[in-house]
Amino acid sequence: MHYRYIGRSGLRVSPICLGTMTFGSQCDEKTAFTIMDKAYEAGVNFFDTAELYPVPPEAKLAGLTEEMVGRWLKTKSRESLILATKVAGAASGWFVPPIRHGYTAIDRFHIERAVEGSLKRLGTDYIDLYQMHWPDTVVPIDESMRAFDALVQSGKVRYIGTSNDTARGTMKSLMVSKYEKLARFESIQNNFSLLNRRDLTEIGALCREEKISLLPYSPLGGGVLSGKYNQDINAHGRFSDYVKSTNKRQRLMAARFMNDKTLASTQEYLRIAAEAGLHPVTMAIAWSKQFDFVASTIVGVTTPEQLDASLAAMNLELNSEILQKLDEVHAKILYPMG
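Each chain has its residues counted from 1, following the order in which its sequence is written. Reporting in this predicted model follows two pLDDT cut-offs: at least 70 for local features of residues, and 80 or more for side-chain atom pairs to be given and counted; totals over whole chains, interfaces and linings ignore these cut-offs and use all residues. Remark: hydrogens and water are excluded; side-chain values derive from all non-hydrogen atoms of the structure.

Draft legend 1. Highlighting the overall build of the protein. Broken down by element type, the protein carries 13 helices and 10 strands. Relative to the compact-globule value of 20 Å for 338 residues, the protein shows a C-alpha radius of gyration of 19 Å, a close match. Across the 338 residues of the protein, 56% fall into the buried class. Two residues form a contact once any of their heavy atoms are found within 4.5 Å. Taking as baseline every contact in the protein between residues at least 6 positions apart, the subset at least 24 positions apart corresponds to 77%. For every accessible area listed, the method is Shrake-Rupley and the probe measures 1.4 Å; residues are considered covered only by the protein chains on display. Here the protein has roughly 14,600 Å² of accessible surface; of this, 52% comes from carbon and sulfur atoms. Side chains of the protein give 40 positive and 38 negative charges; the mean places of these two sets differ by 2 Å. Helix and strand assignments follow DSSP, with helices taken as H or I runs no shorter than four residues and strands as E runs no shorter than two, numbered in order from the N terminus. For a compact globule the rule gives 2.2 Å times the number of residues to the power 0.38, and the radius of gyration it is set against comes from C-alpha atoms. Here the term buried applies to any residue with accessible area under 20% of the maximum for its type, exposed to any over 50%, and partly exposed to those in between, with areas from a 1.4 Å probe on protein chains only. The sign given to each residue is positive for Lys and Arg and negative for Asp and Glu; His and the chain ends receive no count. Think of each charge as sitting on NZ of Lys, CZ of Arg, CG of Asp or CD of Glu.

Draft legend 2. Expanded view of the packing of helix 5 (residues 167-180) against helix 6 (residues 202-210). Whenever a helix is involved, its axis is fitted only over the stretch in contact; in every case the axis is a line through C-alpha atoms, and angles between N-to-C directions fall within 0 to 180 degrees. Across the interface, helix 5 lies against helix 6 with an axial gap of 9 Å and an inter-helix angle of 25°. Classified by the interaxial angle, the pair formed by helix 5 and helix 6 is roughly parallel. Contacts between helix 5 and helix 6 involve Ala167, Thr170, Met171 and Leu174 from the first element and Glu202, Ile203, Leu206 and Glu210 from the second. Polar here means any residue outside two lists: the nonpolar Ala, Val, Leu, Ile, Met, Phe, Trp, Tyr, Cys and Pro, and the charged Asp, Glu, Lys and Arg; Gly therefore counts as polar. A breakdown of the residues in the contact of helix 5 with helix 6 according to their chemical character gives five nonpolar, one polar and two charged. Should an angle fall under 35 degrees it is called roughly parallel, over 145 degrees roughly antiparallel, and 65 to 115 degrees roughly perpendicular, with every other angle called oblique.

Draft legend 3. Quick peek at the nonpolar core. Side-chain atoms within 4.5 Å link the members of a nonpolar core, which is a set of buried Ala, Val, Leu, Ile, Met, Phe, Trp, Tyr and Cys residues. Ranked by size, the top nonpolar core spans 63 residues in total, and within it Leu18, Phe47, Tyr269 and Leu326 carry the most contacts. Tallying contributions element by element places helix 11 (residues 280-288) first for this core, with six residues. Apart from the residues lying within four places of it in its own chain, the contact partners of Leu326 are Leu194, Arg197, Tyr269, Ile272, Met283, Trp287 and Leu318. Of all hydrophobic cores here, the second largest spans 20 residues; its members include Leu119, Met132, Val176 and Ala183.

Draft legend 4. Spatial organisation of the pattern of salt bridges. We define a salt bridge as a side-chain nitrogen of Lys or Arg found within 4 Å of a carboxyl oxygen belonging to Asp or Glu. Per the counting criterion, the structure on display carries 21 salt bridges. Put simply, Glu51 and Arg100 hold a salt bridge, and the shortest N to O gap is 2.9 Å. In this pair, Glu51 sits in the loop between strand 4 (46-48) and helix 2 (64-73) while Arg100 sits in the loop between strand 5 (82-87) and helix 3 (108-122), placing the two residues 49 residues apart along the sequence. A residue is classified by how much of its surface remains accessible, and Glu51, at 4% relative accessible area, is buried. Across the pair Asp142 and Arg146 runs a salt bridge whose closest N-O atoms are separated by 3.8 Å. With Asp142 and Arg146 both in helix 4 (residues 141-154) and four residues apart, this pair spans about one turn of that helix.

Draft legend 5. Looking closely at the environment of Ser14. Along the polypeptide, Ser14 turns up in the loop between strand 2 (12-13) and strand 3 (16-19). The contacts of Ser14, once residues within four sequence positions are left out, are Tyr3, Gly43, Val44, Asn45, Phe46, Ala295 and Ser296.

Draft legend 6. Just the sheet that holds strand 7 (residues 157-163), in detail. At least two bridges found by DSSP between two strands is the condition for calling them paired. Taken together, the eight strands give an open sheet; going across it, the order is 9-8-7-6-5-4-3-10, and neighbouring strands pair in parallel fashion. At either margin of the open sheet sits one strand with a lone partner, and together these are strand 9 (213-214) and strand 10 (297-299). Pairing of strand 5 with strand 6 (residues 127-132), which is carried by four bridges, proceeds in the parallel orientation. Residue pairing across strands places Ala84 opposite Leu129, the latter belonging to strand 6. Here helix 4 sits on the sheet in contact with strand 5, strand 6, strand 7 and strand 8 (185-189), set at roughly 150° to strand 7.

Draft legend 7. Focus on the packing of aromatic side chains. Pairing of aromatic side chains here covers Phe, Tyr and the six-membered ring of Trp, requires ring centres within 6.5 Å, and sorts the geometry by plane angle: under 30 degrees stacked, over 60 edge-to-face, intermediate tilted. By the definition in use, this model includes 12 aromatic pairs. Ring geometry for Phe47 versus Trp72: centroids 5.0 Å apart, planes at 45°, classification tilted. Taken together, the residues span a long stretch of sequence, with Phe47 in strand 4 and Trp72 in helix 2 at a distance of 25 residues. For Phe47, a relative accessible area of 2% puts it in the buried group.

Shown next as C-alpha cells:
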C-alpha cells in the first residue's frame with residue numbers, strides 16, 4: 001500500500017478514502033459497520049464524514065452518520081485511523097443547512113459549536129482533518145481562519161481543510177494564514193471526476209504550487225459513471241429520485257449530473273473500460289487518484305459488495321493508452337456537467 005501525505009501535514013492516508021454520507025439514509029447501521037470493516041481490513045485508513053450527514057440533508061437526521069461512525073470507532077484503535085469531518089457551510093448561499101435553525105455561518109460561534117457536537121457524536125477527543133464544508137460569502141475569511149486556528153492550538157483538531165471552494169477563495173485563505181501566522185488549509189475537497197475535470201486547471205496549479213492536496217469526491221459523477229443510468233434512466237439512485245423531487249436544488253443537481261452529455265460521455269467510458277477489461281467504477285476511481293496533487297479519492301457505497309470495484313482501484317495505475325482514450329472522450333464532449 002502506498003500511503004500519501006495530505007498537503008504539508010503529518011497525515012498519511014490511503015489512496016482511497018471511505019465517504020460515509022449514505023450511512024443512516026441509504027443504508028442502516030449494521031450495513032455501515034460491515035462496509036467500514038471491509039474498507040479497514042483492505043488497508044483504508046482514511047474516513048470522511050460531516051455534521052450534516054446523511055444525505056439528502058434533513059433536520060431529523062443531521063448528525064446521525066457521525067454517531068454511527070463514532071460507535072464503529074470504538075471497535076478500532078483510534079490512532080490507526082485518519083478521521084475527517086466538516087462544519088456545515090454558511091446559510092447565506094445556495095443552500096440552507098437544516099441545523100442550528102438554518103443560521104449557520106463560518107464564524108467563531110458556529111465553528112466552535114459544530115466541532116464540539118462532532119467530537120461528542122464521534123466519541124473522540126480529536127479530529128485529524130476538520131473541513132469547511134463550503135465557503136461563507138459574508139463572514140470575512142480572516143475571522144474564519146482565526147477560529148479554525150484556535151481549534152488546532154487547543155488540540156481538538158490536528159489539521160484543517162476546505163471543500164467546494166474556488167482557487168481564488170482557497171488562495172485568499174492561504175494569504176490570511178501566512179500573514180497572520182495561522183494554521184492553513186492543507187486540503188481542498190471538491191467534486192472531481194471524468195465528467196467534471198474543471199479542477200485540472202486552476203485548482204490543480206494551486207495545489208501543486210502551494211503544496212495542498214485535492215481530495216476528490218463524487219469520482220463516479222454521482223454514480224453516473226457506473227453506467228446504471230445508461231442501462232435504465234430510472235435506475236435506483238440519488239439522481240433518479242432527485243429528478244422527480246419537489247426541491248428545486250435537487251432537480252438542478254440531477255440535471256447537472258444526469259443529462260444527455262454526461263450519459264453520452266459515460267457510454268464512451270463504458271466502452272473503454274470493457275476494452276481494457278476493467279470495471280467502469282474501478283477505471284473512474286483510478287483516473288481520479290492518478291494525479292500528483294491528489295492525496296486520496298473519496299468513495300461512497302450503500303452495500304459492502306459495491307466496495308469491491310472501488311477497492312480494486314487502490315493500487316491500480318492506468319496506462320498511457322487508456323488515459324489517451326479517456327482524454328479523447330473529453331475533447332469530443334467538453335465539460336458535460338457544465
